[in-house]
Amino acid sequence: QVQLVESGGGLVQAGGSLRLSCAASGRTFTSYRMGWFRQASGKEREFVSSIIWRGGRTYYADSVKGRFTISRDTRNTVYLQMNSLKPEDTAVYYCAASQYDYGPGSSLYDYWGQGTQVTVSS
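Throughout this description, residue numbers start from 1 for each chain and increase along the sequence as written. The predicted origin of the model limits local features to residues at a pLDDT of at least 70 and limits the giving and counting of side-chain atom pairs to 80 or more, whereas totals for whole chains, interfaces and linings rest on all residues. Just so you know, side-chain values use all the structure's heavy atoms and leave hydrogens and water out.

(A) Fine view of the pairing of strand 4 (residues 33-39). Partly exposed residues are those whose accessible area sits between 20% and 50% of the maximum for their type, while under 20% is buried and over 50% is exposed, using a 1.4 Å probe and protein chains only. Secondary structure elements follow DSSP: runs of H or I of four or more residues count as helices, runs of E of two or more count as strands, with numbering from the N terminus. Burial of strand 4 is extensive: 6 of the 7 residues sit out of reach of the surface. Two strands pair under a simple rule: DSSP has to find at least two bridges between them. Where strand 4 lies against strand 9 (residues 91-98), 7 bridges are found, and the strand directions are antiparallel. Looking at strand 9, one finds that M34 is bridged to A97.

Structure below.
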C-alpha cells in the first residue's frame, strides 16, 4: 500500500557527512513514526533513529547520538543528517514507517524501504 523511496547513500571518508532522505507515497498516507535502521555485513539490523510525526520528538541510538540528526517535512519525508561519520557506520540503511506506536527503538514497523548503502572509508 505504501512505498518508501530512499536516496542519499554513497561513499564518504571518515569524518565526512551524508544526508539521507526517505519519501512515503500515497495521497492518504499517515504515520505515527518514521525511522532509520541499518545492517552491516554479517550483523543484525539495528535501530538508528526515529521521529514522531506529531510534535517531532526524536530518538537516537547511543552510537549515533550527537552525530546524526533526524528530521521531517510537513507531509511524507524524513531525513537523516549524518555528520562525523566513522567506519563503524558502514551499513545498508533502511527507512521505515509505522501507523501505530510500537515503542521507541522498536524494529516493528509497517513499511520498509529498499535500503541504501552507506560506506565510510578509514
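Anyway, onward from the coordinates.
(B) Quick look at the nonpolar core. What we call a nonpolar core is a set of buried Ala, Val, Leu, Ile, Met, Phe, Trp, Tyr and Cys residues that are connected through their side-chain atoms within 4.5 Å. L4, W36, L80, M82 and Y93 are the most contacted members of the largest nonpolar core, which totals 31 residues. Counting residues per element, the ones that place at least two in this core are strand 3 (18-24), strand 4, strand 5 (46-52), strand 7 (68-72), strand 8 (77-82), strand 9 and strand 11 (116-121). The dominant element in this core, judged by the number of residues it contributes, is strand 9, at 5 residues.

(C) Structural detail: the state of the cysteines. Disulfide: a pair of cysteine sulfur atoms within 2.5 Å of each other. Overall, the coordinates contain 1 disulfide when judged by the stated rule. A sulfur-sulfur separation of 2.0 Å characterises the disulfide bridge that pairs C22 with C95. Across the S-S bond of C22 and C95 the torsion is about -85°, and the bridge reads as left-handed. Separated by 73 residues along the polypeptide, C22 in strand 3 and C95 in strand 9 bring together distant segments of the chain. In terms of burial, C22 and C95 fall into one category: buried.

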